[in-house]
Amino acid sequence: MFVADTHLLGKRKGHWLDKMRREWEMSRAFQTAIKIHKPELIFILGDLFDEGLWSSEADFNSYVKTFKYLFSVPQGIELYAVVGNHDIGFHYSIIPQLEKRFNNAFNSSSVQLISKRNVHFVLINSMAMEMDGCFLCYTAKLKLKQISNQLKCIEKGIACSKNMMLDGSYSKPILLQHFPLYRKNDIACNELDSAPIKEKETPFREGWDCLRKDATEMLLKIIKPRVVFGGHTHHGCHLKHENGIHEYSISSFNWRNKYNPSYMLALFTADTYSVETCHMPREYTIFLIYLIMIIVMLFKLLKNEIKIARINILRFINHKFKLKYFTTKN
C-alpha cells in the first residue's frame with residue numbers, strides 16, 4: 001500500500017479545528033483501508049508533516065507521536081517512511097540535525113534497501129539527489145552504488161563479501177521517493193485524480209517540483225528500476241518514460257490538499273506487478289453522510305420525546321379526571 005503527503009498540521013498553519021478534523025479523517029480512512037486490504041507492506045512517500053522542517057525538537061517529537069498513533073499498524077504489517085521536503089526542508093535548507101532526527105524517528109536513511117520475498121524496494125531521499133557533492137548528496141551517492149553492487153551480486157552470481165550479499169534471488173528493484181522523476185509538467189497525466197488543467201500546464205522546476213534531469217538519469221542508470229513510485233505533486237499521474245519505465249505519482253492522502261484524495265495498492269512478484277488506485281470519498285460526500293445521520297438521530301430523538309410527552313399528558317389526564325378504564329394505548 002502506497003500513501004503520500006499526509007501533511008499533518010503543526011502549530012504554525014491551520015486552525016486547531018481544521019487540524020483535528022483532518023487528522024480524524026485520515027486516521028479513519030487509513031485504519032479502514034488496512035482492515036479491508038490487509039497489506040504486508042505500507043510505504044508513506046514523504047511529507048508526513050506539514051511543518052517538520054520548522055519545528056522544535058519538542059514539537060517534532062509530538063508530531064511523530066501523533067503520526068504513529070494515527071497511522072498505527074497491527075502486528076504483521078510493516079510500515080516504512082520516505083522523507084519529504086516538508087519533513088526536513090528542500091536541499092538548500094537541510095542541516096544534518098533535521099535529517100538525523102527524521103531518520104531516528106522512522107528508522108530510515110537517505111538511501112535504503114528493503115527486500116521481501118525476492119522483491120527489492122530502494123527508498124531514496126529526493127533532496128539528496130542534487131548532485132552537488134554536499135554532505136547529504138555525497139553519502140547518498142555512496143549508498144546508491146553499494147546497493148547497486150549488492151543487486152549485481154545476486155543478479156550475476158558474483159562472489160561477494162558477506163555484507164554485500166542479499167537473501168533470495170535477483171529481481172529488478174522498485175524505486176520509491178518523494179519527488180517524481182524529471183518531467184516538464186503534468187500535461188500527460190490523465191488519471192481521475194490528476195491535476196486541474198491549469199496546473200498540468202505549469203512548468204516543473206528541477207529540484208523543486210521534480211528531480212533534476214541529471215539526477216534522474218543517474219538514478220535510472222545505477223538502480224535500473226522496473227517501476228517508480230512517488231508523491232509531492234499532490235495529484236495522481238501515470239507516465240511511461242522514453243526508456244520504457246513506468247512511473248506512478250500518488251495523490252495526497254489529506255483532504256486539505258485535495259478534494260478527491262486516494263492511495264494505491266500494488267501486488268509484486270519477482271517478475272511482475274499490478275497496481276490499483278483506490279479513491280476515497282470526496283469531502284462533501286462525507287459531510288452529507290454525517291448530516292443525514294444527524295438528521296435521522298434528531299428525528300428519532302424528537303419522536304421519542306414526543307412519545308414520552310404524550311404518555312405524560314395521558315397520565316396527567318387520567319390522574320386529573322380519574323378515568324378508570326383509560327389506557328395509554330387508547
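Here the structure is shown first, and the text comes after it.
Criteria and thresholds
- Residues numbered from 1 in each chain as written.
- Predicted model: local features only at pLDDT ≥ 70, side-chain atom pairs only at ≥ 80, totals over all residues.
- Heavy atoms only, no water.
- Helix = DSSP H or I, 4+ residues; strand = E, 2+ residues; numbered from the N terminus.
- Rg over C-alpha atoms; globule rule 2.2 N^0.38 Å.
- Contact = heavy atoms within 4.5 Å.
- Areas by Shrake-Rupley, 256 points an atom, 1.4 Å probe, with all protein chains shown as cover.
- Lys, Arg positive; Asp, Glu negative; His and termini not counted.
- Charge placed at Lys NZ, Arg CZ, Asp CG, Glu CD.
- Pairing = 2+ DSSP bridges.
- Axes fitted to C-alpha atoms, helices over the stretch in contact; angles between N-to-C directions.
- Buried < 20%, exposed > 50% of the residue type's maximum accessible area, 1.4 Å probe, protein only.
- Disulfide = S-S within 2.5 Å.

### Concerning the overall build of the protein chain
Thinking step 1. Looking only at helices and strands, the protein chain features 8 helices and 11 strands.
Thinking step 2. Relative to the 2.2 N^0.38 estimate, which gives 20 Å for 330 residues, the radius of gyration of the protein chain is 26 Å and therefore markedly larger than a compact globule would have.
Thinking step 3. The C-alpha extent of the protein chain, read off along each of the three principal axes, is 100 × 40 × 40 Å.
Thinking step 4. Taking the intrachain contacts of the protein chain between residues at least 6 apart in sequence as the baseline, contacts between residues at least 24 apart amount to 69%.
Thinking step 5. Just so you have it, the protein chain exposes about 18200 Å², and 58% of that area is on carbon and sulfur atoms.
Thinking step 6. Of the side-chain charges in the protein chain, 45 are positive and 32 negative, and the distance between the mean point of each set is 11 Å.

### A word on the sheet that holds strand E5 (residues 119–124)
Thinking step 1. Strand order across the open sheet formed by 6 strands is E4-E5-E6-E7-E9-E8, with mixed pairing between neighbours. Where the open sheet ends on each side, the last strands, each with one partner, are strand E4 (111–116) and strand E8 (237–240). Taken over all neighbouring pairs, the strand axes of this sheet differ in orientation by 20° on average, direction set aside.
Thinking step 2. Here E5 runs beside strand E6 (residues 174–176); their pairing, made up of 3 bridges, is parallel. Opposite Leu123, over in E6, you have Leu176 as the bridge partner.
Thinking step 3. Docked against the sheet, helix H5 (residues 135–156) engages E4 and E5, running at close to 25° with respect to E4.

### Digging into the pairing of E5
Thinking step 1. Of all the 6 residues making up E5, 6 are buried; the element is thus mostly covered by neighbouring parts of the structure.
Thinking step 2. Here E5 shows no split at all, with Val119, Phe121 and Leu123 on one side and His120, Val122 and Ile124 on the other all buried.
Thinking step 3. Across 6 bridges, E4 lies against E5 in antiparallel orientation. By the bridge assignment, Val111 is partnered in E5 with Ile124.
Thinking step 4. Once E4 ends, the chain turns through 2 residues before running back antiparallel as E5, passing Arg117 with a positive phi of about 45°.

### Description of the state of the cysteines
Thinking step 1. The tally for this structure, following the rule as stated, stands at 1 disulfide.
Thinking step 2. In this model Cys189 forms its disulfide with Cys237; the gap between the sulfur atoms is 1.9 Å. On the sign convention where negative is left-handed, the bridge of Cys189 and Cys237, at about -70° about the S-S bond, is left-handed. A residue pair is termed long-range when its members are at least 10 positions apart, and Cys189 in the loop between E6 and helix H6 (197–201) and Cys237 in strand E8 qualify at 48 residues.
Thinking step 3. By relative accessible area, which is 1% here, Cys189 ends up buried.
Thinking step 4. The closest cysteine sulfur to the non-disulfide-bonded Cys210 is located on Cys189, 12 Å from its own sulfur.

### Section: the pairing of strand E7 (residues 227–230)
Thinking step 1. Residues Val227 and Phe229 point to one face of E7 and Val228 and Gly230 to the other, with burial holding for every one of them.
Thinking step 2. Where E6 lies against E7, 3 bridges are found, and the strand directions are parallel. Paired with Leu175 across the bridge in E7 is Val228.
Thinking step 3. With 4 bridges connecting them, E7 and strand E9 (residues 246–249) associate as parallel partners. Across the sheet, Val228 pairs through a bridge with Glu247, a residue of E9.

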